[in-house]
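Chain residues, written in single-letter form:
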Amino acid sequence: MKITKITTMVVNAKMRNWVVVQVYTDVPGLIGIGEATVEYQARAVVGAVEDLAPTLIGRDPRDIERNWQIMYRHPFFKGGVTMMSALSGIDQALWDISAKDLNVPLWRLLGGLARDRIRMYDHLGGGSSDAVYNSDTVSSFSDKMKQSVKDGFTAVKILAVPQSAPLGEEEKLKHAHDLMESARKAAGPDIDIMIDFHGRTSAAMAIKYAKVLEPFKPLFLEEVVPPDQIESLKVARAGINLPIAAGERWLHRTEFLPYLQAGLIDVAQPDVCHAGGVTEIRRISALCESYGVSMAPHNPLGPIATMVNVHLGLTTPNFLIQEVMRSDVSWRNEVFHGVPDIKDGYIYPPEKPGIGVEIDEKEALKHPFTGGAPVQWFHSDGSVADW
């Protein structure tokens, strides 16, 4: 079996342009699919896929480890979110081909089940970008939390921490408290609530926010400081009495290692579309298991990424919970077929061969790439703030 070509298709989903990767083989009808979405870098990722493709044309797609090493090492300059995302999408497609060739679901190829079902967590508004990022009022948090619970979810993530200066702005601490209070009252005591800091805060402010939020018993706090500030995370860790999650912007196991060695995280959140695909996520998971750290993979992306994560979660011993954006666009199921329904907050093992997702290219063409600038935040004095 040989790889004959590698292509991309970009599908606009409002805030994000989903980058779909397809790997073709010389076996009629045997095509692998993957996702390589990066916010505001779709064109760059498409170019990176095109740059990597010649390294694999003519090779056996089932030699996944060697193909991964070729993509990672032969370009000489390793890493970076653009190249790693391109590699990730291709890697997913290679696993899809291998499982389809054996006529088994991907989870079977990955070693079989480690659990019977995957616990999913919702976002307010089901993941609608307006609901998640632009609707931070007490009434909105309450109403949307009630809807997530009504829809059967037992865990929900919220963005209760606003844009924050390095110090001060006490009124924002009160706002975060009120948002979390409304979410907890709406959810009741038995629903797990995770709080995404989005890397917006300094260590000092993260500690202040954590103290305000702690009485409401969040499951974990996510990205309490920017992802490249290990020393800041050490300070935050020392002053926060809640579990800390991080890792959505780390791209390789070597980036996780120093944080694990320093005991700085309780939950790891690698993204299968950025951190080396199925192949590298499995290595990251095993590394985290050695340090007693659970896996809650980052996944605000498309249906392909969601399904790849489901297969990984089913086979990963230290898996905790899986993020999903289910309502980012109304036409998800018109373009992508094969994603199982979420039943009472869980997804059960799919039985279709491979990843199990198919794309309707005719429908996808109705949602072409749309460019735009990233979200840009500034502090009151005009200096740049983290979004």
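Here the structure is shown first, and the text comes after it.
*Asks:* I would appreciate a short explanation of the pattern of salt bridges in the present structure.
*Replies:* When charged atoms on two side chains of opposite charge get close, those side chains can pair. For the structure shown, the criterion picks out 22 salt bridges. The partner of Arg326 in a salt bridge is Asp122, and the shortest N-O contact between them spans 2.8 Å. With Arg326 in the loop between strand 11 (322–323) and helix 13 (332–335) and Asp122 in strand 4 (residues 118–123), this pair connects stretches of sequence that are 204 residues apart. What makes Arg326 partly exposed here is its relative accessible area of 27%. Note that Lys208 and Glu170 form a salt bridge whose closest N and O atoms lie 3.2 Å from each other. Of this pair, Lys208 sits in helix 8 (residues 203–213) while Glu170 sits in helix 7 (residues 170–187), and the two are 38 residues apart along the sequence.

*Asks:* In this structure, what is going on with the pairing of strand 6 (residues 192–196)? I would like to understand it.
*Replies:* Successive residues of a regular strand alternate their side chains across the two faces of the sheet. Of all five residues making up strand 6, four are buried, and the element is well covered by its neighbours. Taken together, the four bridges between strand 5 (residues 155–158) and strand 6 define a ladder with parallel strand orientation. Counterpart to Lys157 in the pairing with strand 6 is Met194. With two bridges joining them, strand 6 and strand 7 (residues 221–222) adopt parallel strand pairing. Across the sheet, residue Asp196 finds its bridge partner in strand 7, namely Glu222. Running through helix 8, the crossover from strand 6 to the neighbouring parallel element strand 7 is right-handed.

*Asks:* I keep staring at the environment of Leu287 and nothing clicks. Help me out?
*Replies:* Along the chain, Leu287 falls in helix 11 (residues 277–290). The residues touching Leu287, leaving out its near neighbours within four places in the chain, are Arg253, Leu257 and Leu260.

*Asks:* What is the right way to read helix 3 (residues 81–102) from this model?
*Replies:* Counting along an α-helix, one turn takes 3.6 residues, and residues three or four places apart therefore face a common direction. Over its 22 residues, helix 3 extends 32 Å from the first C-alpha to the last, a length consistent with the 32 Å expected when each residue adds 1.5 Å. Two residues or fewer after helix 3 comes Asn103, characterised by a positive phi angle close to 60°.

*Asks:* Any chance you could explain the side chain of His298 here in plain terms?
*Replies:* When you line up the elements, His298 lands in the loop between strand 10 (294–295) and helix 12 (303–315). Under the relative-accessibility criterion, His298 is labelled buried at 8%. Within the structure, His298 has its side chain in polar contact with the side chain of Glu248 (distance 3.3 Å). Look past the residues within four positions of His298 in its chain and what remains in contact with it is Glu248, Gln269, Pro270, Asp271, Asn309 and Glu323.

*Asks:* Honestly, the nonpolar core in this entry has me stumped. Any pointers?
*Replies:* One broad trend across soluble globular proteins is that nonpolar side chains are buried collectively. Grouped together as the largest cluster of nonpolar side chains are 106 residues, with contacts concentrated most on Ile90, Ile158, Val224 and Ile240. With nine residues, helix 3 is the largest single contributor of residues to this core. Once residues within four sequence positions are removed from consideration, Val224 is found in contact with Phe197, Thr201, Ser202, Ala206, Leu233, Ala236, Ile240 and Ile244. Core analysis: the next-biggest nonpolar cluster, separate from the first, contains nine residues, Trp107, Phe153, Val310 and Phe319 among them.

*Asks:* What is the right way to look at the environment of Ile230 in this model?
*Replies:* Position of Ile230 among the secondary structure elements: in helix 9 (residues 230–239). Residue Ile230 is classed as partly exposed on the basis of its relative accessible area of 22%. Each C-alpha atom of the pair Ile230 and Leu242 lies 18 Å from the other, and the pair is 12 residues apart in sequence. Not counting the four nearest positions on each side in its chain, Ile230 is found in contact with Pro258, Tyr259 and Leu264.

*Asks:* Looking at this structure, how should I read the environment of Lys146?
*Replies:* Summarising the element assignment, Lys146 is placed in helix 6 (residues 138–150). A relative accessible area of 47% places Lys146 in the partly exposed class. Separated by 34 residues in the primary sequence, Lys146 and Met180 place their C-alpha atoms 13 Å from one another.

*Asks:* Hey, could you run me through the sheet that holds strand 1 (residues 3–13) in this one?
*Replies:* As a general point, the strands of a sheet are linked pairwise by backbone hydrogen bonds and lie either parallel or antiparallel. One open sheet holds the three strands; their spatial order is 1-2-3, and the pairing between them is antiparallel. Of all the strands in the sheet, just strand 1 and strand 3 (31–35) have a single pairing partner and so form its edges. Strand after strand, the sheet turns through a mean of 20° between neighbouring axes, direction not considered. Taken together, the 10 bridges between strand 1 and strand 2 (residues 16–25) define a ladder with antiparallel strand orientation. Across the sheet, Val11 pairs through a bridge with Trp18, a residue of strand 2. Sitting on the sheet, helix 1 (residues 42–56) is in contact with strand 1 and strand 2, with an inclination near 170° to strand 1. Together, strand 1, strand 2 and strand 3 form the strand contacts of helix 3, whose direction differs from that of strand 3 by roughly 145°.

What counts as what
- Residues numbered from 1 in each chain as written.
- Predicted model: local features only at pLDDT ≥ 70, side-chain atom pairs only at ≥ 80, totals over all residues.
- Heavy atoms only, no water.
- Salt bridge = Lys/Arg side-chain N within 4 Å of Asp/Glu carboxyl O.
- Helix = DSSP H or I, 4+ residues; strand = E, 2+ residues; numbered from the N terminus.
- Buried < 20%, exposed > 50% of the residue type's maximum accessible area, 1.4 Å probe, protein only.
- Pairing = 2+ DSSP bridges.
- Right-handed = clockwise from strand over helix to strand, strands pointing away.
- Contact = heavy atoms within 4.5 Å.
- Expected span 1.5 Å × (residues − 1).
- Polar contact = N/O pair within 3.5 Å; in protein donor to acceptor, adjacent residues only side chain to side chain.
- Core = buried A, V, L, I, M, F, W, Y, C linked by side-chain atoms within 4.5 Å.
- Axes fitted to C-alpha atoms, helices over the stretch in contact; angles between N-to-C directions.

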